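Here is how the chains run, residue by residue.
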Amino acid sequence: MSDRLRPSSAGPVAEATGDLLRALRESPPLTQCITNAVVTGFTANVLLALGAAPAMTDIVGEAGMFAGIASGLLVNLGTPTPEQRAASVEAVGAARAAGTPWVLDPVAVGALPVRTALARDLVAMRPTAVRGNASEILALAGRGGGGRGVDAIDTTEAAADAAADLARQHGCVVAVSGPVDLVVDGEQSIRIANGDVLLTRVTGGGCALGAVMAAFLGTARGTGHTPATAVAAATLAYTIAAEDAAREASGPGSFAVGLLDALASLDPASVAERAHTTSAFAPEATA
Amino acid sequence: MSDRLRPSSAGPVAEATGDLLRALRESPPLTQCITNAVVTGFTANVLLALGAAPAMTDIVGEAGMFAGIASGLLVNLGTPTPEQRAASVEAVGAARAAGTPWVLDPVAVGALPVRTALARDLVAMRPTAVRGNASEILALAGRGGGGRGVDAIDTTEAAADAAADLARQHGCVVAVSGPVDLVVDGEQSIRIANGDVLLTRVTGGGCALGAVMAAFLGTARGTGHTPATAVAAATLAYTIAAEDAAREASGPGSFAVGLLDALASLDPASVAERAHTTSAFAPEATA
Amino acid sequence: MSDRLRPSSAGPVAEATGDLLRALRESPPLTQCITNAVVTGFTANVLLALGAAPAMTDIVGEAGMFAGIASGLLVNLGTPTPEQRAASVEAVGAARAAGTPWVLDPVAVGALPVRTALARDLVAMRPTAVRGNASEILALAGRGGGGRGVDAIDTTEAAADAAADLARQHGCVVAVSGPVDLVVDGEQSIRIANGDVLLTRVTGGGCALGAVMAAFLGTARGTGHTPATAVAAATLAYTIAAEDAAREASGPGSFAVGLLDALASLDPASVAERAHTTSAFAPEATA
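Residues numbered from 1 in each chain as written. Chains lettered and ligands numbered in written order. Predicted model: local features only at pLDDT ≥ 70, side-chain atom pairs only at ≥ 80, totals over all residues. Heavy atoms only, no water.

- As recorded by an unreviewed UniProt entry, chain A carries the name Hydroxyethylthiazole kinase and is attributed to Microbacterium resistens.
- Looking at chain A in UniProt, the text filed under Pathway (unreviewed entry) is "Cofactor biosynthesis; thiamine diphosphate biosynthesis; 4-methyl-5-(2-phosphoethyl)-thiazole from 5-(2-hydroxyethyl)-4-methylthiazole: step 1/1."
- Listed in UniProt under the heading Cofactor (unreviewed entry), the comment for chain A reads: "Mg(2+)". (UniProt positions renumbered as here; feature names shortened; annotations may be inferred.)

As structure tokens, then:
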């Protein structure tokens, strides 16, 4: 843990998670996903199970118009075809114009040139949040060479300073996934120790979380909750559901099925007592 | 219910469903699907579970040739990339030339411009059947602005007249999905009250039904059953299987898995007694 | 069974399977898949469950660079868009330059012109292994017209001579999937009678095996095991896991889920005693 941070009560994020989950189910946020071909189905099912309304609108000529009416947008760079690259730029421009919160997931950035160039362009367009594993966050901050494809080869804490720098530089929330998830926004630092290792044995385990973040950000608009709180709440709801699924699973196949069931039956009232979170504020702004 | 319709016996459709399901399994219809990237895997698995032979042949230079030999074709506009748009036009042209029955699923038509233009072109090419939710059918008939993406915001009955108009105008069957499914062909109107709300919590729950319709239409060729009967039979078989799956499910994840198991074990002999259908004939042709 | 083959002990392949599975889990092979849109998610989940590291890097400008660092590569022609066709050629060129073993899965070759031309080009680039059903292997060898799409209409044994010819002509391993799987390399012929018919009721049941072969080939590099042994070991591990899954399944849906669980829990020590394999050597080289 960075020595610029001091621990404080975890209560606010855990309480906010229950409130946001209730609000999400009452008024399902239309959540646009421009995401990779491997996880589109799973991602849509995660959103539906949670109670959100997915829309995988990712073609040129429609992605931008849709981003203007969506509640939240995910741009995931896992399999960035030319069509998706153009649609991503179109959607992000429209999301910015409309004030739609958007999440950038720079999958395998650093290791591969096409997505690395695109990720650099997109992060400069000031996403509401960036989500990645430690290797991806280090690479996006210019501090590492990236992992081998989608695998993190660095620990979350090794990426904490890079995440804080990225957050301050681009005015965004940065979420680093790992055994302990880290969410920073330049002011605040939240750590979430819920979840299960089976999330790393299912394709889309991380990518779908990016979509859940976009959904929670959409729900949080106008509620007074900060983007960092919404991103942490998304992480907490998702990883608590993962614990429920892991308890019943016989392996990664039944875990993925159970995760959908658990998201659908997740009780907002139980989230606070099950949270393993800490949050801290930086004592001073640093460049 | 439109006052132009009078109730009659539900027996014929329910009986036909068992017969067509038996015939489908004896001689699996080669069912070509040009469908959206979110649901390709689930759709193929639904067809395989049912006993049909899926083929997701959707590239230019192959889609047309394949439509000439397929038993049935689905064109679903959920994520219409330029390649898929061109392949769809190629396939539909070949299907018409060869007499291959084809189903158009105009996902999110009305709300989004690229697919709306394509859907208008394709419906003018006289599909054997059109399948959509109420908002999509209203939009395709020029009577509504479309839903928010894939969500229906109108009821099935609100779309009944638009469905009948579309059916008469293009000489096709129109199927409107909802809590009660409606199938019309300009002469006849069939309502099916089987199914489960969990179908709306699984991505592809509706899209896969379009593929099942294409499979049943392929099987029905040369049997004397009308396209409307085949489309209604597909709906009935699928929604009865959904009831079996819902009974055992703990949520949307286990429901989707159970739906595949239930389709594979669906007993043709039990369909008739489990059907909740009504059918009616228009007493006179109306413009 | 070809009369050029005489039976010998099945021990070596079965023993090698346990050793390679242990090695794969200790050092997960980075397995690049350029595969069809229907099965990307399932294929990645199969690799993750087994213990390998999937990467579905399939765009131009990245596919080649990645093939140079991957442990193994799969090129599957199920839905060959123009982008994927170009990426496949790029990746194969880089794999050859780097010595990365690669597997060609010529889905539906023979029946469809675009992929047939591409498959002919790629097989001439000397894949480490070719995997297909009997109809596909016959078509690739110029001895048949191909099946109806992905369906085999020929038996494995009917393709045995064509497989041996292909293997000798291109210096590759050829694997023919069927009730009894056949693996030949011009010298040796291995038959594997494990598995379950439910593999044919799940989309990607065969395609994912091609990815498992690429993973095992990556693990086998530098171990002294031949490519034919690695391909046979992949088949044996996969089909034994399928038997575990079939025992618990209620149909194709629960079978696919259970297959992932079974791959994750497959015990290397139990593989040898569960194997139903025979292997034979050709008594003389034949043209």
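1. Description of the interface of chain C and chain A
Right, so step 1: Each side of the interface is counted separately: chain C has 26 residues, and chain A has 26 residues.
Right, so step 2: Interface of chain C and chain A: buried area, both sides summed, is about 1,900 Å²; carbon and sulfur atoms make up 63% of it.
Right, so step 3: Considering only the side of chain C, the residues that lose the most area to chain A are Leu48(C), Glu62(C) and Asp261(C), jointly responsible for 26% of the buried surface there.
Right, so step 4: For the pair chain C and chain A, the interface holds one salt bridge.
Right, so step 5: With its nearest N and O atoms 2.5 Å apart, the salt bridge here joins Glu62(C) to Arg115(A).
Right, so step 6: Applying the counting criterion to the chain C and chain A interface returns nine residue pairs in polar contact (both at pLDDT 80 or more). (Contact = heavy atoms within 4.5 Å. Buried area = accessible area lost by both parts, 1.4 Å probe. Salt bridge = Lys/Arg side-chain N within 4 Å of Asp/Glu carboxyl O. Polar contact = N/O pair within 3.5 Å; in protein donor to acceptor, adjacent residues only side chain to side chain.)

2. Thoughts on the UniProt feature "binding site: substrate" (unreviewed entry) in chain A
Residue and element names in this part refer to chain A.
Right, so step 1: As recorded in UniProt, the feature "binding site: substrate" (unreviewed entry) lies at Met56 and Gly204.
Right, so step 2: Counting through the fold element by element, Met56 comes out in the loop between strand S3 (53–55) and helix H3 (63–69).
Right, so step 3: Position of Gly204 relative to the elements: it lies in the loop between strand S9 (188–192) and helix H8 (207–220). (Helix = DSSP H or I, 4+ residues; strand = E, 2+ residues; numbered from the N terminus.)

3. Topic: the nonpolar core
Right, so step 1: One finds Phe42(A), Val183(A), Phe216(A), Tyr238(A) and Leu259(A) to be the most contacted residues of the largest nonpolar core, which totals 70 residues.
Right, so step 2: Considering every element that reaches this core, the biggest residue donor is helix H9 (residues 227–248) of chain A, with 14 residues. (Core = buried A, V, L, I, M, F, W, Y, C linked by side-chain atoms within 4.5 Å. Buried < 20%, exposed > 50% of the residue type's maximum accessible area, 1.4 Å probe, protein only.)

4. Remarks on the pattern of salt bridges
Right, so step 1: The tally for this structure, following the rule as stated, stands at 27 salt bridges over all chains.
Right, so step 2: Asp165(B) serves as the salt-bridge partner of Arg168(B), at 3.3 Å between the closest nitrogen and oxygen. Of this pair, Arg168(B) and Asp165(B) both sit in helix H7 (residues 160–170), three residues apart, which is roughly one turn of that helix.
Right, so step 3: Where salt bridges share partners, they join Glu243(A), Asp244(A), Arg247(A) and Arg274(A) into one cluster.

5. Some thoughts on the pairing of strand S5 (residues 102–105) of chain C
Residue and element names in this part refer to chain C.
Right, so step 1: Taking every second residue as pointing to the same face, both faces of S5 are buried, with Trp102 and Leu104 on one and Val103 and Asp105 on the other.
Right, so step 2: Note: strand S4 (residues 72–76) against S5, four bridges, orientation parallel. In the strand pairing of S5, Leu73 is matched with Trp102.
Right, so step 3: Regarding topology, helix H4 (residues 82–98) serves as the crossover connection from S4 to the parallel S5, and that connection is right-handed.
Right, so step 4: Where S5 and strand S6 (residues 129–133) come together, two bridges link them in parallel fashion. Bridging across to S6, Val103 finds its partner in Ala129.
Right, so step 5: Regarding topology, helix H5 (residues 113–123) serves as the crossover connection from S5 to the parallel S6, and that connection is right-handed. (Pairing = 2+ DSSP bridges. Right-handed = clockwise from strand over helix to strand, strands pointing away.)

6. Quick look at the relation of the copies chain B and chain C
Right, so step 1: Mapping chain B onto chain C is achieved by rotating through 120° and translating by 0.0 Å along the same axis, at an RMSD of 0.0 Å. Expressed as a symmetry operation, the mapping of one chain copy onto the other fits a three-fold axis. Across chain B, the smallest distance between a C-alpha and the rotation axis is recorded for Ala37(B), namely 3.9 Å.
Right, so step 2: In this assembly the copies use different faces: only 4% of the residues contributing to the interface of chain B also contribute to that of chain C. (Least-squares fit on C-alpha atoms with pLDDT ≥ 70 in both.)

7. Thoughts on the interface of chain B and chain C
Right, so step 1: Between chain B and chain C, the contact holds 25 residues from the first and 26 residues from the second.
Right, so step 2: Overall, the association of chain B and chain C removes approximately 1,900 Å² of surface from exposure, summing both partners, and the carbon and sulfur fraction of that is 62%.
Right, so step 3: Looking at the side of chain B facing chain C, the largest losses of area belong to Leu48(B), Glu62(B) and Asp261(B), adding up to 26% of the total buried there.
Right, so step 4: The tally of links between chain B and chain C comes to one salt bridge.
Right, so step 5: Our enumeration of links across chain B and chain C arrives at nine residue pairs in polar contact (both at pLDDT 80 or more).
Right, so step 6: Listed by contribution, the elements that provide at least two residues to the side of chain B that touches chain C are helix H2 (40–50), strand S3 (53–55), helix H3 (63–69) and helix H10 (252–265) of chain B.

8. With respect to the UniProt feature "binding site: ATP" (unreviewed entry) in chain A
Residues and elements named next belong to chain A.
Right, so step 1: Here the UniProt feature "binding site: ATP" (unreviewed entry) sits at Arg131 and Ser177. The annotated residues occupy 47 residues of the chain but converge on a single region, no pair of C-alpha atoms lying more than 7.4 Å apart.
Right, so step 2: Among the secondary structure elements, Arg131 is positioned in strand S6 (residues 129–133).
Right, so step 3: Not counting the four nearest positions on each side in its chain, Arg131 is found in contact with Val103, Leu104, Asp105, Pro106, Ile137, Ala175, Ser177, Gly206, Cys207, Leu209, Gly210 and Met213.
Right, so step 4: By the secondary structure assignment, Ser177 is in strand S7 (residues 173–177).
Right, so step 5: Note on Ser177: relative accessible area 19%, which makes it buried.
Right, so step 6: Dropping the residues within four chain positions of it, Ser177 is found in contact with Arg131, Gly132, Asn133, Ala134, Thr156 and Leu209.
Right, so step 7: A distance of 2.5 Å separates polar atoms of two side chains, one belonging to Ser177 and the other to Arg131.

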